[in-house]
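# Fold and geometry: a report
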Amino acid sequence: MPTCRRKRVVLTQPSDSLLKSLKTNPDRDVFYLHQTGEIFETYEAYAARMSFYRLKQFQCEVTGKSGLDYFQALASERSEAETLHSRFSEPLKPAILKAVQFQVVGRLDHLVESVFERFKDRYFKGERVLIDLNGIKYYGQVHTVYPPKYSTDVAARDANKPDAEGAEQGAPRPIDIEEPHQIYGDLKTPVKEVNARDDPFLYYYWVLLTDLERDKSDKNKSGKPSDGSEMVGSLMEVQCGRMSRDRLSFSKSILRRFIRDCVDRDAAVASPWTVKPAIAQRYGVISSMTEDTRITVEAIKKGEHDKRKKVWEDKDGPPNKKHKKMTAAQEEKAKAAALKRDREAQEKLDQQRLAREEAERIAAEKKKKKPIRYPTEDLDVRLTDKDIKAGMKLKRPVPTSHALPFNHIPGVFESFLMTWNFLVVYGQPLHLSPFTLDEFEHAIKHTDIDIPCALLAEVHSTLIYNLRTVPFARHSAVLSLLQRKEQLGAEGLEDEEYLGVNTDQLSAAMSDTGNNWERVPLRHAEGREGWEEALIGCLKDHATRENFPRMREILTKLLFAPDPNEVPEHHEPSPSSSRDPSLELTPTPQRLSVVSTPRERYRNLPVQDRIAILSFMVNLAISSKAIHQHMESCEEQLTALRKEKIEVNRTKKQYAEEMNILLGEAKEGAVDEDIKMDDPSDVSDVPASDNGSDSGRSKKSASKSKDLRQKAQLAHSKQREAARAKQASVKQAMAEHRRLDEEVNKIERRLEAIEREFRKLLGGVRVKPMGKDRFYNRIWWFDGLGSSNLIGSGGAAQYGAGRIFIQGPSEFDLALMMRRTDDEVPVQMRRLEEEGQEGMLGPGDWAVYSDTEELDEFLTWLNPKGHRELALKQALGKWWIHISAGIRRRMQDLNLLAKLPEARRSARTKVAPDITREAYMLWTNRRAINAT
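Because the structure is a prediction, the values reported are computed rather than measured.

Moving on: the overall build of the protein chain. The number of helices and strands found in the protein chain is 31 helices and 20 strands. Considering the protein chain as a whole, with its 932 residues, one finds that 38% of them fall into the buried category. For the protein chain, long-range pairs separated by at least 24 residues make up 75% of all intrachain contacts whose partners lie at least 6 apart in sequence. Accessible surface, the protein chain: about 55800 Å² in total, of which carbon and sulfur atoms supply 52%.

Attention now goes to a negative patch on the surface. On the surface, Asp851, Glu853, Asp856 and Glu857 cluster together into a negatively charged patch. Assignment of secondary structure puts Asp851 in the loop between strand S20 (846-849) and helix H28 (852-861).

Turning our attention to the sheet that holds strand S18 (residues 778-780). One open sheet holds the 4 strands; their spatial order is S17-S18-S19-S20, and the pairing between them is antiparallel. Each of the sheet's edge strands pairs with one partner strand only, and the pair in question is strand S17 (771-772) and S20. As defined by bridge partners, S18 adjoins strand S19 (residues 804-807) across 3 bridges and the pair is classed as antiparallel. Across the sheet, the residue bridging to Ile779 is Ile806, located in S19.

In this section: the sheet that holds strand S6 (residues 128-133). Strands belonging to one sheet form pairs held by backbone hydrogen bonds; the direction of such a pair is parallel or antiparallel. The strand order across the open sheet built from 5 strands is S9-S8-S7-S6-S10, with neighbouring strands paired in antiparallel fashion. Edge strands, defined here as strands with exactly one partner in the open sheet, are strand S9 (235-238) and strand S10 (243-244). Judged from the 4 bridges that link them, strand S8 (residues 204-212) and S9 form a sheet pairing that is antiparallel. Bridge pairing links Val207 to Met236 in S9.

Of note, the amide linkage connecting Tyr374 to Pro375 takes the cis form, showing an omega dihedral of 0 degrees. Mapped onto the elements of the fold, Pro375 is located in the loop between helix H12 (328-369) and helix H13 (385-389). Residue Phe406 is not a glycine yet carries a positive backbone phi of 60 degrees. You can call Phe406 buried: its relative accessible area is 2%. Even without glycine at this site, Arg528 takes up a positive phi of about 55 degrees.

Let's shift gears to the packing of helix H17 (residues 454-467) against helix H23 (residues 607-621). Two elements in contact, H17 and H23, have axes separated by 10 Å at closest approach and are oriented at 35 degrees. As H17 runs across H23, the sense of the crossing is left-handed. Mapping the contact onto sequence places Leu456, Val459, His460, Leu463, Ile464, Asn466 and Leu467 in H17 and Arg610, Leu614, Met617, Val618, Leu620 and Ala621 in H23. Within the contact of H17 with H23, the residues separate by chemical class into 10 nonpolar, 2 polar and 1 charged.

Quick look at the side chain of Asp773 now. Along the chain, the position of Asp773 falls in the loop between S17 and S18. Separated by 3.1 Å, the side chain of Asp773 and the backbone nitrogen of Phe775 make a polar contact. Looking at Asp773, its side chain comes within polar contact range of the main-chain nitrogen of Asn777, at 2.8 Å.

In this section: helix H9 (residues 252-262). Buried residues of H9: Ile254, Leu255, Phe258, Ile259, Asp261 and Cys262, and no others. Down the axis of H9, the buried set is contained in an arc of 165 degrees. They therefore lie on one face. Check the buried side of H9 and you find it contacts helix H3 (70-87), helix H4 (92-100), helix H5 (108-119), strand S11 (263-264), strand S12 (274-275) and helix H10 (277-283).

Time to look at a nonpolar patch on the surface. Taken together, the side chains of Val30, Tyr32 and Ile39 define a hydrophobic patch exposed on the protein surface, amounting to about 260 Å² of accessible area. Along the chain, Val30 falls in the loop between helix H1 (16-24) and strand S3 (31-33).

This brings us to the packing of helix H14 (residues 412-425) against helix H16 (residues 437-445). Across the interface, H14 lies against H16 with an axial gap of 11 Å and an inter-helix angle of 120 degrees. With respect to the hand of their crossing, H14 and H16 are arranged in right-handed fashion. The residues of H16 that touch H14, namely those facing Phe416, Leu417, Thr419, Trp420 and Leu423, are Leu437, Phe440, Glu441 and Ile444.

This structure, assessed with the given rule, holds 33 aromatic pairs. For the ring pair Tyr123 and Tyr205, a centre distance of 5.8 Å and an interplane angle of 90 degrees mean the geometry is edge-to-face. A residue pair is termed long-range when its members are at least 10 positions apart, and Tyr123 in the loop between H5 and S6 and Tyr205 in strand S8 qualify at 82 residues. Residues Tyr123 and Tyr205 agree in their burial class; the two are buried.

Moving on, we get to the UniProt feature "coiled-coil region" (unreviewed entry) in the protein chain. Here, UniProt's "coiled-coil region" (unreviewed entry) annotation points to residues 631-658. With 100% helix and 0% strand, residues 631-658 has end C-alpha atoms that lie 41 Å from one another.

So, about the confidence of the model for the protein chain. Interpretation of the predicted coordinates at a detailed level should be avoided for regions scoring low in pLDDT. With 86% of its residues at a pLDDT of at least 70, the protein chain reaches an overall mean of 83. In this model residues 319-323 is a low-confidence stretch, pLDDT under 50, and it forms 1 contact with partners more than four residues away in sequence or in other chains. Across residues 569-588, confidence stays below pLDDT 50; counting only partners more than four residues off in sequence or on other chains, it has 27 contacts.

Here we take up the pairing of S19. Here S19 shows a buried face lined by Ile804 and Ile806 and a second buried face lined by Phe805 and Gln807. Sheet topology places S19 next to S20; 4 bridges connect them, and they run antiparallel. Looking across to S20, one finds that Phe805 is bridged to Val848.

Moving on, we get to helix H26 (residues 811-818). Three or more residues of H26 are buried, namely Asp813, Ala815 and Met817. Of the surrounding elements, those touching the buried residues of H26 are S17 and helix H27 (827-834).

A complete count under the given rule lists 51 salt bridges for this structure. Salt-bridge contacts for Arg107 lead to Asp109; the nearest nitrogen and oxygen are separated by 3.1 Å. Among the residues examined, Arg107 registers a relative accessible area of 49% and is labelled partly exposed. One continuous salt-bridge network, built from bridges that share partners, spans Arg396, Asp773, Arg831 and Glu835.

Here we come to the environment of Asp264. Positionally, Asp264 belongs in strand S11. Along the primary structure Asp264 and Lys276 are separated by 12 residues, whereas in three dimensions their C-alpha atoms are 6.5 Å apart. Those residues in contact with Asp264, other than ones at most four positions away along the chain, are Arg8, Pro272, Trp273 and Thr274. A distance of 3.3 Å separates a polar atom in the side chain of Asp264 from a polar atom in the side chain of Arg8.

It is worth spelling out the pairing of S6 at this point. Note: S6 against strand S7 (residues 136-146), 6 bridges, orientation antiparallel. Of the residues in S7, the one forming a bridge with Leu130 is Tyr139.

A separate point is the side chain of Ser624. Looking at where Ser624 falls in the secondary structure, it is placed in the loop between H23 and helix H24 (625-673). Once you skip the residues sitting within four places of it in the chain, Ser624 turns out to touch Asn466, Thr469 and Val470.

This part is about the environment of Gly527. Among the secondary structure elements, Gly527 is positioned in the loop between helix H19 (503-511) and helix H20 (531-542). The class of Gly527 is partly exposed, set by a relative accessible area of 46%.

Analysis parameters
Residues numbered from 1 in each chain as written. Predicted model: local features only at pLDDT ≥ 70, side-chain atom pairs only at ≥ 80, totals over all residues. Heavy atoms only, no water. Helix = DSSP H or I, 4+ residues; strand = E, 2+ residues; numbered from the N terminus. Buried < 20%, exposed > 50% of the residue type's maximum accessible area, 1.4 Å probe, protein only. Contact = heavy atoms within 4.5 Å. Areas by Shrake-Rupley, 256 points an atom, 1.4 Å probe, with all protein chains shown as cover. Patch = residues over 30% accessible without salt bridge, like charges linked within 9 Å, V, L, I, M, F, W, Y side chains within 5 Å. Salt bridge = Lys/Arg side-chain N within 4 Å of Asp/Glu carboxyl O. Lys, Arg positive; Asp, Glu negative; His and termini not counted. Charge placed at Lys NZ, Arg CZ, Asp CG, Glu CD. Pairing = 2+ DSSP bridges. Axes fitted to C-alpha atoms, helices over the stretch in contact; angles between N-to-C directions. Left-handed = near helix turned anticlockwise from the far one by under 90°. Nonpolar A, V, L, I, M, F, W, Y, C, P; charged D, E, K, R; others polar. Polar contact = N/O pair within 3.5 Å; in protein donor to acceptor, adjacent residues only side chain to side chain. Arc of directions from axis to C-beta. Phe/Tyr/Trp six-rings, centres within 6.5 Å; stacked < 30°, edge-to-face > 60°. UniProt positions renumbered as here; feature names shortened; annotations may be inferred. pLDDT = per-residue confidence, 0-100.

Now the structure itself:
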C-alpha cells in the first residue's frame, strides 16, 4: 500500500447514507473511482480525492521511491511485487508464511534474520537449487526430501527411489505424505536448539539435475565428457552441504521484501505479524489463532505492558531492595508520597503542555508575520489600506451584458461570436474580406427581401463552397428523419409533427430542393443568386439529428410557410429591422401548411436559427482541407517570424553596443578640447645685461631663446592639428551614432510589425484569451487576428470587435475556487464584495467593456501581486495602444451612424431611413473569386 508522510493511505469507505441507498434507491447516481474502487456521493468529494491522489507526495512502500502520485506508487508496488513473486521460490512460500504467522517480533529486520537462519539450509520438494559436485555446479530440482529418521537407513531411501518409467502412474509413496522440517513455533527460540530437534544436516534429498551452470567467462564449450554435461538428467542423492539457492531468488533483501509484501501488523504494542487474508487463503495458512497461540500472544503483550510500566515507575523512583510488609502508618505515608509524586508529575505535564502551546503560538505568529513573496496566488492577495491609498480599486467596474447582441437567449451570443471569429480569422482560405462584429450583427438581423444583403450572401456562399470539399453522405438528413420515424413506429408511437408538418411532408419538400448544390455556381458578379437553395442542399447532405439537433425545426421553417388565410395579423418588421431587436421576438405561426422556397422564408427565420445554421457550417468547415493547409502555412510562417525576431534582436543589441562605444569616444574628445594648450608667447626673452663684458653671453642666450620659441611654435601647431583631427573624429562618431540610432528605430518598428504579424498568424492556429483575473474570469480581445489588421493604410486604426469581452469562469475553475476553505472571507462573499451582484458571471455568461474609461478602471483594479492578474495586466499593457485606438474608432463610427438619420430627417414628411447606406450594406468582398 503506498504511503504518504510515512503513513499508509487508507481507502475511503462508503458513507452510511450510501449503504442505505443501496436498499432504498439502488439506481442512485454516484461517482466511482475505478482505480481504487471508492464510491462518493458528490462530485466535490470525488474531485478532492482525485486531486489528493494526483499530488507528488506518495512513496512506494516496496522500493522506497518518493515524489510519486498515488497511482504511480501503486503501479510501482505492483510491478515490484510481480517481479518479486516470480523470482521467489514457490515451494518455499507456504513454509515461510506458516513460520511468521502470529509471531511477536518487534522489528521486521529481526523477523527476517530469524527466518533466514532457520531456512537457509532447509529445502523443499519442487525447489530449484544449485548442486556443487566436485567443483562443477548444476541446476537441479528437489524431487524427494528424506527427514532425519532416514539418515541411517539407506535401504529405506532406496526403496522410495522413483521409478523413471512409472513414477507418475504408481500409488502415492509414504514419504510424500510426511511433512519435512517441523520447525514452526516461536522464532525467538535459538537456532541451535531448533537444529538440535530437527538437524538440517541429517536430511537427504533426491535432486534431478536439469542443467549445467556456466559462467559468462567460461570458454570450455566443446561439449566433451570432462565438462560435466554427462550428469545432466540424472537423479542424485545429496545433503544440504552441497546445495544452495540462487541469490536472486533467496537472500535477506529478497526475503525482507517478500515478508513485507505478505504480512501486516497492528500499531498496538506487542502485536503479532499476520499474513494478509488473501495470501493466507492462497497458500493454506491458518488465519485464525488457536487457543494456545492466543494465550501465548496475550502473555507476551502483558509482559511488554508490565515491562513498560516498570520502566515508568523506575523513572519516578527505584523500588526498595528489600520488600517488607508495611504497617498501616507506613502504608498511609506511602500513599501520601505517591499522591505527592502524582501531583508533581501532573504539574510537570501541565507546565510542559503550556510551554508547548506557547511555542506553537509563537511559531504561528512568526509564520503569519513571514513576508509573502510576490507574485503569488491571486486569491491569497488582499488589498491593504496602503494599496487603497495608492489608488487601487477595491471593486471592479461592472461590465455590461445587455449590450451584447442576442445575449438574452442562452448560448446564442457565444455561437454568434465564435462564428464571426472563424469567418474573420480564416478569411484568406475562405476568400472572404474582413468585417466588423457590428456589421455581422446587423447582417444577421437583415430581413428585407427586396434589398439583398451582400454580407449574408457572401458568408453563406463561401461556407457552401468550402463544405463541398468535406466528405458527406447523400440525403443524410432525410435518412435521419426516416430512422427516427421507424424507431417511433417500433415503439408503438405516432410520427412526430413540428408546426403541423410530419416527416413524410418534410422529406418530400427536401427531395425537391438543392439537389445539385455541390455543382451549382454561386457567382459573385450575380450577387450569389441561389445561395438559399444551395444552403438547403448542403444541410440535407451534411446534417443529421445527432450533429445538428435543431435540423428538423430549421428545415421546416425554411421549406414551409403558413396559410395566408390562417395567419393572425401581426406587425411586419420595418426595412430598418436590422437595428430593431423586435425581430428576435417576432411570433412564429402555429402551423405551417404551404410549401414555400428558402429564398422567401429565410427573411422570416429567427436570428437564433440563422446563427445555429452558421455555427453548424463553421464546425464542419474546420475539418476542410483548405483550413488545414492554412493552419500549416501559419505554423511555418510563425517559425520564420521567430527566427527573424531573434536575428533582429541580435542586430539591435549589436547596434546598441556600437552606440555606447561611439558615445564614450565623443565624451573623451570633449574632455580633450577643454585642456588648455601651451601658448608659444609664454617663452620670454632673456633680459640683456648692462655690462659690456656680457655681450657675448647675451647673444648666445638670445639665440637659444629663439630656438625655444621656434620649437614651441612647432609643438603648438602639431597640437592644434591633433585637436582638429580629434574634433573631426568626434564629429564622425556622432554622425555614426545618429545613423545607428535611426537604424535602431527602424528595428523597433520592425519588431512591432513582427508582433502584429505574429498575433495574426497565431490566431490562425489557436485563439487564446488575454488572461484571467483573480476569479478566473477570462478576458478576450479578438482584434488583429487572422485576416484582419490593427493598422490600415496611412496608419489609421482598424478594429474587428472594438471591445474587450469577459467570459465567466469555467465549471472546473469555479469548483476549484469553491474548494478553498482556509480563507478568512469565503470566495463567494469576496466576489460579492469586489465584483458586485450584477458583475458576477457564471459559467457560460458573457459581458463587455465598450469604453476606454471603464477599461482604465478595470486595469487599475487588477492587482499585479497575483500570478494571473500580473500576466493579464502585462498582456493588456503590451497591446493597449491598439486596444484603445480600436475602441475609440468604433465609438466614432457609431456616433457617425447615429447622426446620419437625423441629417436626413424632414420636418414635414416621414420617410423610412435608407438602409443601403448602412455600413453592413456597403461592405464588399474584395477577396471573392469572380470566376465562381
